[in-house]
Amino acid sequence: DTGLRVTHRDFRGRVPAGRNFTPDNGGNPDDVSDGNGHGTNVAGIIAANDIHVGVAPGASVVPLKVLTNAGGGDFGSILQALDWVLAEHQNHNISIVSMSLGDTSNGADDSVHALDPIRERILQLRALNIPVVVAAGNDYFHFKAEGMGYPAILNETISVGAVYDANEGPFVYRSGAEAHSTAADRLTPFSQRLHETTNSRTRTDIFAPGAPVTSSGIDSDEGESVQQGTSQATPVVTGVLLLMQEFFRRSTQLLPSVDLLGQCLRSGGVKILDGDDEDDNVPHTQKQFLRVDAVLALDAVRRKLQQHLFSTHKAFSK
């Protein structure tokens, strides 16, 4: 999103390409330097492998800078970046697009985006078995109602909300959201959320730890940063999906479909209740959501592979 400190020890030797779609860095398309820190933090959660260790530490990172160092951007840059992925994915072995970004809306339906060009690109990537993982949004305190930002609301994405994974103490956020206390599997008060009973097509697919997360930083090649948001939960899920892809590909030499990944991610998810023990200043849906579990998700992939091999064996026997 805001780029990457490509010289950081956490990524050394694993940044095969990158592209800048912003006016930052003199508008040089080959300079993805991150003057904000958000993109480097997010990338570290996925794939750091030195000072910090990400969820998928063997993965390479292809940073596409679509947000400026001030943190803003436009969907024109995102569209260009998605076109670049479609053109270059084979050259750089790109298997997942991770988008820790979105607008400030709170939609419950995606029908308004029926002819959307970004949606069209996401559909094209999905046809290539490349999932697009998107942050649900951080504006729940403002809306106090179910929904997600765009493009997370698009049915074809894998949308991600944020939970705490431990007792980290209280937090007060700039949005006005407050967590008076925290504990594992409590939804963060900022995380937007949309339950399948409200809209089964555009639900929030999965939740993941997103507050606070310690990862790579931009201050030096050994830098560290601590950030919070659905932006941080999204790369956790991206990392798990990379592991799932690797596991599947070792047996089949193929990328699994996005449908299969989504099914396994959710079937391996742990149920969490919005409102059972949350201690904050936002209303709660009293509905069950799913929190990612890497081991259970991988086990779900294993079961799918066993079913596939069994059905193939039966067909061959006949």
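The preceding data block contains the structure.
Quick caveat: nothing in here was measured; it's all calculated off a predicted structure.

1. Side note on the side chain of Arg-291
At step 1: Within the element layout of this structure, Arg-291 appears in strand S12 (residues 288-291).
At step 2: On the basis of relative accessibility, which here comes to 16%, the residue Arg-291 falls in the buried class.

2. Here's the deal with helix H1 (residues 38-47)
Note: α-helices contain 3.6 residues per turn, so residues at a spacing of three or four share the same orientation.
At step 1: Along H1, 10 of the 10 residues are buried, which leaves the element largely enclosed by surrounding structure.
At step 2: Turning to H1, its buried residues are His-38, Gly-39, Thr-40, Asn-41, Val-42, Ala-43, Gly-44, Ile-45, Ile-46 and Ala-47.
At step 3: Buried-residue contacts for H1 involve strand S3 (97-99), strand S9 (213-216), strand S10 (224-227) and helix H5 (230-252).

3. Observations regarding the nonpolar core
At step 1: One finds Val-237, Leu-241, Met-244 and Leu-265 to be the most contacted residues of the largest nonpolar core, which totals 46 residues.
At step 2: For this core, the secondary-structure elements that each account for two or more residues are H1, helix H4 (140-143), strand S5 (158-164), strand S8 (206-211), H5, helix H6 (258-267) and helix H7 (294-317).
At step 3: Tallying contributions element by element places H5 first for this core, with 8 residues.
At step 4: Apart from the residues within four sequence positions on either side, Val-237 is in contact with Val-133, Ile-158, Val-160, Ile-206, Ala-208 and Leu-265.
At step 5: Listed in part, the 28 residues of the second largest apolar core include Ala-81, Leu-82, Tyr-150 and Ala-152.

4. Digging into the environment of Gly-3
At step 1: Checked against the element boundaries, Gly-3 lands in the segment before strand S1 (19-20).
At step 2: Take Gly-3: its relative accessible area is 5%, and that puts it in the buried class.
At step 3: Along the backbone, Gly-3 and Ser-33 are 30 residues apart, and their C-alpha atoms lie at a distance of 5.5 Å.
At step 4: Apart from residues no more than four positions distant in its own chain, Gly-3 is found in contact with Val-32, Asp-34, Gly-39, Thr-40 and Lys-65.

5. What about the packing of H5 against H6?
At step 1: Contact geometry of H5 with H6 gives a least axis separation of 11 Å together with a crossing angle of 115 degrees. Of the two elements, H5 crosses H6, and the hand of that crossing is right-handed. Between H5 and H6, the contacting residues are Val-237, Val-240, Leu-241, Met-244, Gln-245 and Phe-248 on the first element and Leu-260, Leu-261, Cys-264 and Leu-265 on the second.
At step 2: The residue inventory of the contact of H5 with H6, partitioned by class, reads 9 nonpolar, 1 polar and no charged.

6. Considering the packing of H1 against H5
At step 1: Between H1 and H5, whose axes approach to 8 Å, the crossing angle comes to 35 degrees. Crossing hand, H1 versus H5: right-handed. Within the contact between the two elements, H1 uses His-38, Asn-41, Val-42, Ile-45 and Ile-46 and H5 uses Ser-231, Gln-232, Pro-235, Val-236, Thr-238, Gly-239 and Leu-242.
At step 2: Classifying every residue of the contact of H1 with H5 by side-chain character gives 6 nonpolar, 6 polar and no charged.

7. Description of the packing of aromatic side chains
At step 1: This model, assessed by the stated rule, comprises 5 aromatic pairs.
At step 2: Measuring from ring centre to ring centre gives 5.0 Å for Tyr-173 and Phe-190, while their planes differ by 75 degrees; the resulting arrangement is edge-to-face. Placement of the pair is Tyr-173 in the loop between strand S6 (171-172) and strand S7 (178-179) and Phe-190 in the loop between S7 and S8, with a sequence separation of 17 residues. With respect to burial, Tyr-173 and Phe-190 carry one shared label: buried.

8. Here we look at the environment of His-284
At step 1: Mapped onto the elements of the fold, His-284 is located in the loop between strand S11 (270-273) and S12.
At step 2: Of the residues examined, His-284 reaches a relative accessible area of 23% and is grouped as partly exposed.
At step 3: Separated by 97 residues in sequence, His-284 and Leu-187 have C-alpha atoms that sit 9.4 Å apart.
At step 4: Dropping the residues within four chain positions of it, His-284 is found in contact with Tyr-140, Arg-193, Asp-274, Gly-275 and Glu-278.
At step 5: Looking at His-284, its side chain comes within polar contact range of the side chain of Asp-274, at 2.7 Å.
At step 6: Polar side-chain contacts of His-284 include one of 3.1 Å to the backbone oxygen of Val-282.

Scoring rules and cut-offs
- Residues numbered from 1 in each chain as written.
- Predicted model: local features only at pLDDT ≥ 70, side-chain atom pairs only at ≥ 80, totals over all residues.
- Heavy atoms only, no water.
- Helix = DSSP H or I, 4+ residues; strand = E, 2+ residues; numbered from the N terminus.
- Buried < 20%, exposed > 50% of the residue type's maximum accessible area, 1.4 Å probe, protein only.
- Contact = heavy atoms within 4.5 Å.
- Core = buried A, V, L, I, M, F, W, Y, C linked by side-chain atoms within 4.5 Å.
- Axes fitted to C-alpha atoms, helices over the stretch in contact; angles between N-to-C directions.
- Left-handed = near helix turned anticlockwise from the far one by under 90°.
- Nonpolar A, V, L, I, M, F, W, Y, C, P; charged D, E, K, R; others polar.
- Phe/Tyr/Trp six-rings, centres within 6.5 Å; stacked < 30°, edge-to-face > 60°.
- Polar contact = N/O pair within 3.5 Å; in protein donor to acceptor, adjacent residues only side chain to side chain.

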